[in-house]
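# Structure assessment
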Amino acid sequence: MTGLMAGRRGLILGVANDHSIAWGIARTLHAHGARLAFTYQGEALGRRVAPLAAKLDSDVVLPCDVEDIASVDAAFAALDDRFDGKLDFVVHAIGFSDKAQLKGRYVDVTTRDNFVRTLTISCFSFTEIAQRAAKRMSEGGSLLTLTYGGATRVMPNYNVMGVAKAALEASVRYLASDLGPDGIRVNALSAGPMRTLAGAGIADARLMFNHQRAHAPLRRTVSLDDVGGSALYLLSPLSGGVTGEVHFVDSGYNIISMPRPDVLQA
Ligand code: NAD
């Protein structure tokens, strides 16, 4: 505990369970003194999120389905009651696509309806959250979203999620440029493959996981604490001069071109 986040109020979107990336980030922020509010999607997840929030001394647990803009506005209104209309940071860790389209060739499996739905939930929701959060950050703030290397390089089966993450990363740059004059920083954390509910929706997820472990410079996948530590940096004054960045937390996998010959031949 450093007290680095003491007195700072933050909204965490995207905890589904204790494997969620958002949970790893929340845990670290709480350990450094942050005061947290959580959202959940649907009552079933709400029953899981409330006890997790309690472990981090929070009873601010609000329903929010980003497909329904009225539910987003209701969550911010309820948050205002608890945080006096002020916010210092936001973690957006939300992604969704039809699992049936995260398998096979992008060119074959992608439909218009799921393309629009995937981009709305996984990309545009960050802009809609930023629009609302910025109004509550009169003294500056920091916004963070979660992305994946499939945004810029082709990962088998990642398909429309890769397209959504590319658009999300572009959104980070446009939002950073627009909100920078108000002292609001906007960044993305690009995590390596992790065993979460969303991660399990991608075909051959285990293969991606094992491939990263074998070929990444650190020869391992990343943990919730790895992601939490980098998120703490991006959300705290430690990264005060950083905005519009995509920060990789992937054991260095993104720098590698050819897979290791010894592993390929084994
Ligand atoms: P997760 O399943 O734990 O979290 C995904 C969250 O998105 C869930 O809490 C779910 O409720 C929420 N969500 C989906 N649709 C929603 C909606 N309409 N309204 C509100 N919330 C909604 O999985 P995770 O891996 O922790 O995913 C968090 C973020 O991290 C996602 O953006 C994901 O793409 C990204 N990411 C994941 C990995 C990985 O390997 N798991 C790697 C890099 C980036």
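Residues numbered from 1 in each chain as written. Predicted model: local features only at pLDDT ≥ 70, side-chain atom pairs only at ≥ 80, totals over all residues. Heavy atoms only, no water.

## Here's the deal with helix 3 (residues 69–83)
Along an α-helix, a turn takes 3.6 residues, which lines up residues three or four apart on a common side. Rule in force here: Strands here mean DSSP runs of E at least two residues long; helices mean DSSP runs of H or I at least four residues long; both are numbered from the N terminus. Helices are assigned an expected span. That span is 1.5 Å times one less than the residue count. Any residue under 20% of the maximum accessible area for its type is buried, any over 50% is exposed, and the rest in between are partly exposed; the area is computed with a 1.4 Å probe on protein chains only. By arc we mean the arc of the directions from the helix axis to the C-beta atoms, nothing more.
In this model, helix 3 (15 residues) spans 21 Å end to end at C-alpha, consistent with the 21 Å of a helix rising 1.5 Å per residue. Looking at helix 3, one finds that the buried residues are S71, V72, A75, F76, L79 and F83. Projection of helix 3 onto a plane perpendicular to its axis shows the buried side chains occupying an angular sector of 140°, all on one side. Of the residues trailing helix 3, D84 is marked for its positive phi of about 55°.

## Some remarks on helix 5 (residues 112–134)
The criterion, for reference: Note that the bend at a residue is defined as the angle between axes fitted to the seven residues ending at it and the seven residues starting at it.
In a regular helix each residue adds 1.5 Å, so 23 residues correspond to 33 Å; helix 5 covers 31 Å between its end C-alpha atoms and thus fits that length. Maximum bend of helix 5: about 45°, positioned at F124.

## Focus on the site of the ligand
Put simply, the rule is: A cutoff of 4 Å decides nearness: a residue is near a molecule or strand if any of its heavy atoms lies inside that distance of it. Nitrogen and oxygen atoms within 3.5 Å of one another constitute a polar contact, given that in protein one can donate a hydrogen and the other can accept it, and given that sequence-neighbouring residues count only through two side-chain atoms. Here the open area of atoms and residues is found with the Shrake-Rupley method and a 1.4 Å probe, where only the protein chains shown may cover a residue. All amino acids are sorted into three groups, where Ala, Val, Leu, Ile, Met, Phe, Trp, Tyr, Cys and Pro are nonpolar, Asp, Glu, Lys and Arg are charged, and the leftover types, Gly among them, are polar.
Around the ligand, 27 residues are found, and the nearest of them are S20, I21, D65, M194 and T196. Here S20 contributes a side-chain N or O atom positioned 2.6 Å from an oxygen atom of the ligand. With respect to the ligand, the side chain of T196 contributes an N or O atom lying 2.5 Å from an oxygen atom. Look at the ligand: alone it shows 820 Å² of surface, and the protein chains cover 93% of it. Among the elements of the structure, strand 5 (141–147) and helix 7 (197–200) are those that each provide at least two residues to the shell around the ligand. Here the element with the most residues in the shell around the ligand is helix 7; it accounts for three residues. Considering only residue class, the shell around the ligand consists of 17 nonpolar, eight polar and two charged.

## Topic: the pairing of strand 6 (residues 184–191)
Convention followed: Any two strands with at least two DSSP bridges between them are considered paired.
Across the eight residues that make up strand 6, a large majority, eight, are buried. Because side chains alternate across strand 6, one face comprises the buried residues I184, V186, A188 and S190, and the other comprises R185, N187, L189 and A191, equally buried. Relative to strand 7 (residues 246–249), strand 6 is paired through four bridges, and the arrangement is parallel. Note on strand 7: the bridge partner recorded for S190 is F248.

## A few points about the sheet that holds strand 6
Here is the rule: Simply put, an axis is a line fit to the C-alpha atoms, just over the touching stretch for a helix, and the angle between two N-to-C directions goes from 0 to 180 degrees. The criterion used for residue contact is that any of the two residues' heavy atoms lie within 4.5 Å.
Spatial ordering of the open sheet is given by 3-2-1-4-5-6-7, a layout of seven strands whose pairing is parallel. Strand pairing shows two members of the sheet lacking a second neighbour, strand 3 (61–63) and strand 7, which therefore form its edges. The average undirected angle you get between the axes of adjacent strands in this sheet is 20°. Sheet topology note: the strand 4 (residues 89–92)/strand 5 ladder contains four bridges and is parallel. Note that in strand 5 the partner of V91 across the bridge is L144. Its contacts with the sheet place helix 6 (residues 159–179) against strand 5, strand 6 and strand 7, and it is angled at close to 170° to strand 5.

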